[in-house]
Amino acid sequence: MASAPPVDNSLLENPPVSEDGSEAAGISKKQAKKEAMKAEKLRKKQEAAAAVNASAQIESLELDPHAGDYGDIPAEELQSKAVSGREWTAIGSLNPELADRTVLLRGNAQTIRPVSKKMAFLVVRQSMSTVQCVLTVGKDYGSPQMVKFATSLSRESIVDIEGSVSIPKDPIKGATQQVEIQVRKLYCVNRAVSNLPINIEDAARSEREFEKAEATGEQLVRVGQDTRLNYRVLDLRTPANQATFRIQCYVEDIFRCFLRSENFVGIHTPKLVAGSSEGGAAVFKLDYKGQPACLAQSPQLYKQMAICGGFDRVFEVGSVFRAEDSYTHRHLCEFVGLDAEMEIKEHYEEVMDIVDRLFVAMFDYLNENCKKELEAIDRQYPFESLKYLRKTLRLTFKEGVEMLKAAGLEVDPLGDLNTEAERKLGRLVFDKYGTEFYILHRYPLAVRPFYTMPCPDDPAYSNSFDVFIRGEEIISGAQRVHLPELLTSRAEACGIDVKTISSYIDSFRYGAPPHGGFGVGLERVVMLFCALNNIRKTSLFPRDPQRLVP
C-alpha cells in the first residue's frame, strides 16, 4: 500500500524561530500551525487514496482472473533482462495455413475500434503488412478490463499480441493479411503520444482517394511535403514509403551484384578532397586542419586513379555532395552515387554495353520480384510501368537535335539540352521507338567535364553519353582522357587550378590504359522507375538547399 510523505508534527507546537528566539522570517505561530494542519490533512487524504487504490487492485485481481494477460510492460523487463526463447511470427507471413495456431506478434497499433465493453478490433502493422486482431470476452480468456485496456492505447503504440489464427467468413478490407488473430494476451511495449503530429492514415491516402473525395465534396486531410519531411519518422511508416525504400535497397543490391558478376571490384574513395572533381563553384568548402578542402562532388578522379592502380574494373556506392542552389524536383545537395569505371579495349561503346545490360537486368528483376512493393507505391501514387527495350536504344546527340527540330523546337547543336528539351525528346523517342529508356551519346565537348575524351573525327563532340528514363537524365558517362598533357590542357581550359589535382594528373604519367565509366544517382533511378514526382520521396532524410534536419 502506498503511504503519504511524513509530516513534521513538531510544527504544531514548535514553529521555526530565528537565532534571537523570534519567529522565523515573517511566519507567525498561527500561520505555521495552519500550514501544519493542511499538511496533516493532505497526508490523511493520500493515505486514504492509497488504501482505496490498493483495495481496487486487489478487487480487480479477484474480479479479473485474466489481469496478468494484459498491461504495460515494465521498463526493466525491456532492458534485455532475460531471453525467453519465445518464437515471433512476422505479420507478413500470416496466412490461412496457420489456422488455429498460436502466434506471437509485435507491431504498431494502427487503428483501434471499440465495438462494445466486451469486444474491440485492433489493426496491427509491421512494415508493409497489417493484420486484424479481435478482442472478446470469453469464459477462458479476455475480460472487460482487457478490452478497456486495448481501447485506451494510443495509435502507433508498440504492442505485443499473443493469439490464435482464425479465418474470417468475409474478406478483410482493412488489413493486408486475410486472417484474424483471436487475442489471448495483449501487452504495450511502448506508448506513442496521444496526439500525433501527422496521422498515418492521412499520410497514406492515395491520389485516387483525393480525386474521389473532391468529386463528392468530401474534405480529406492532405499532408504536405514539408510536413512529411518535418515528421519523417512517421511519414516513413506509410506502405508506399516502406515499399519505396525497399525498392531502393534492391536497386543498390542489383547494381553491386551485376557489376561483381562482370568482374568489377568494389572500392571506397575519399569524400574529403583538396580540389573540386567536376570544376565550377558548386562544392561544400571546409577547413581541413588549416588546409582548404571540400566535400567530393563525385568519386570520379579516384576511381580513375584506381584504374591506373591496376584494377581493370571498379565500382562504388557512396555519398555525393553538390552545393548547387537547385530548388527543383530532381536535385539534392547530398545523394547516393552509383559509380563505375572500366578499362576500354577499343571503343567507349563497351561502357554503354555495361549500362545497357545492367539496367535491363535491373528493370526485369524489379518487375518480376517486387510486385508487392510496386503495387503499394501504385496504390498511393498511381503510375504506368516503365517501357523499355530488350536492347537499349542508342541515338547520337545530333540525331536527338534533329528530332527536336523536326518537332519545332530549336536547340543549340553544340549546347546542352535543358529540362524542356529533354522531356520533349523523351516523348518523341517513346512515340517513335516505344521506349522510355534510351541512351544519347556523342555530346558536345563544351558541355562535358574536363576529363572527357574528344571525338576522334570531330573535336567539337566527345565520346560521352547520357541515359534517360521517362524524359529525365539519370546517368552521365564517357571515355576519360588518360593522356596527362591533354588532361592538363583540358583542366586549364575549364578554369580548374591544376595544382589542386596534380596527384590525379600524375597518376596518368606512370602508364594508364584507355578507360571510361559512368555515374548515376540512386534516388533518381527509383524516382523515375516508379514515376514519382519528387526526388525527396526517394531520399530517406533529404538534404536540399533549405533542409538540414531531421
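Along each chain, the written sequence defines residue order, and numbers are assigned to residues from 1. Per-residue local features are limited, in this predicted model, to residues with pLDDT of at least 70; the limit for side-chain atom pairs, both in listing and counting, is 80 or more; totals at the level of whole chains, interfaces and linings are taken over all residues. Side-chain calculation: all heavy atoms of the structure are included, whereas hydrogens and water are not.

A. Geometry of a nonpolar patch on the surface. A cluster of nonpolar residues, Val233, Leu540 and Phe541, forms a patch on the protein surface that exposes about 250 Å² of accessible area. Tracing the backbone through its elements, the reader meets Leu540 in the segment after helix H16 (522-529). Looking at Leu540, the relative accessible area reads 38%, which means it is partly exposed. Patches here are clusters of residues that have more than 30% relative accessible area and form no salt bridge, with a 9 Å joining cutoff for like charges and a 5 Å cutoff for nonpolar side chains (Val, Leu, Ile, Met, Phe, Trp, Tyr). Residue burial considers only the protein chains on display, and all accessible areas are found by Shrake-Rupley using a 1.4 Å probe. A side-chain nitrogen of Lys or Arg and a carboxyl oxygen of Asp or Glu constitute a salt bridge if their distance falls within 4 Å. Numbering of helices and strands starts at the N terminus; helices are DSSP runs of H or I of at least 4 residues and strands are runs of E of at least 2. Remark: exposure states derive from per-residue accessible area (1.4 Å probe, protein chains only) relative to the maximum for the residue type, with buried under 20%, exposed over 50%, and partly exposed in between.

B. Up close: the environment of Leu393. Topologically, Leu393 is positioned in strand E13 (residues 393-396). Linking Leu393 and Cys494, residues 101 residues apart in sequence, is a C-alpha distance of 31 Å. A contact between two residues is defined here by any heavy atoms of the two lying within 4.5 Å. When near neighbours in sequence (up to four residues on either side) are disregarded, Leu393 contacts Val429, Tyr433, Thr435, Phe437, Tyr438 and Ile439.

C. Geometry of helix H8 (residues 239-261). Each helix should span, by expectation, one fewer than its residue count multiplied by 1.5 Å. In this model, H8 (23 residues) spans 33 Å end to end at C-alpha, consistent with the 33 Å of a helix rising 1.5 Å per residue. Positive backbone phi, approximately 70 degrees, marks Asn263, located one or two places after H8.

D. Looking closely at the pairing of strand E6 (residues 180-190). A pair of strands is treated as paired once DSSP finds two or more bridges between them. Bridge count between strand E1 (residues 70-72) and E6: 3 bridges; the pairing is parallel. Bridging from a neighbouring strand, Gly71 pairs with Tyr187 of E6. Both strand E4 (residues 129-136) and E6 contribute to a ladder of 3 bridges, which runs parallel. Considered in E6, the bridge of Val134 is made with Gln182. Here 9 bridges tie strand E5 (residues 158-166) to E6, and the two strands are oriented antiparallel to one another. By the bridge assignment for E6, Ile158 is matched with Asn190.

E. Focus on the nonpolar core. Only buried residues count toward a nonpolar core, which is a set of Ala, Val, Leu, Ile, Met, Phe, Trp, Tyr and Cys residues joined through side-chain atoms within 4.5 Å. In terms of nonpolar packing, the biggest core is built from 56 residues, with Val251, Phe359, Phe465, Ile474, Ile475 and Phe518 touching the most fellow members. Among the elements that line this core, the one with the most residues is helix H10 (residues 349-369), at 10 residues.

F. Local environment of the pattern of salt bridges. Using the criterion set out here, one finds 33 salt bridges in the structure. As a salt-bridge pair, Glu341 and Lys303 come within 3.4 Å of each other at their nearest N and O atoms. A residue pair is termed long-range when its members are at least 10 positions apart, and Glu341 in strand E12 (residues 334-343) and Lys303 in helix H9 (residues 300-308) qualify at 38 residues. Residue class for Lys303 comes out buried when judged on its relative accessible area of 2%. One salt-bridge network, held together by shared partners, links Lys303, Asp339, Glu341 and Arg480.

G. Expanded view of the packing of aromatic side chains. Ring pairs are drawn from Phe, Tyr and Trp, using the six-membered ring of Trp, whenever the two centres fall within 6.5 Å, and their geometry is named by plane angle: stacked under 30 degrees, edge-to-face over 60, tilted for the rest. On inspection of all chains with the given rule, the structure shows 13 aromatic pairs. Note on Phe359 and Phe437: the rings are 5.8 Å apart at their centroids and 35 degrees apart in plane angle, and the pair reads as tilted. Placement of Phe359 in helix H10 and of Phe437 in strand E14 (residues 437-441) is noted, with a sequence separation of 78 residues between them. The burial state of Phe359 is the same as that of Phe437; both residues are buried. With a centroid separation of 5.2 Å and an interplanar angle of 15 degrees, the aromatic rings of Tyr438 and Phe468 are classed as stacked. Of this pair, Tyr438 sits in strand E14 while Phe468 sits in strand E15 (residues 464-469), and the two are 30 residues apart along the sequence.

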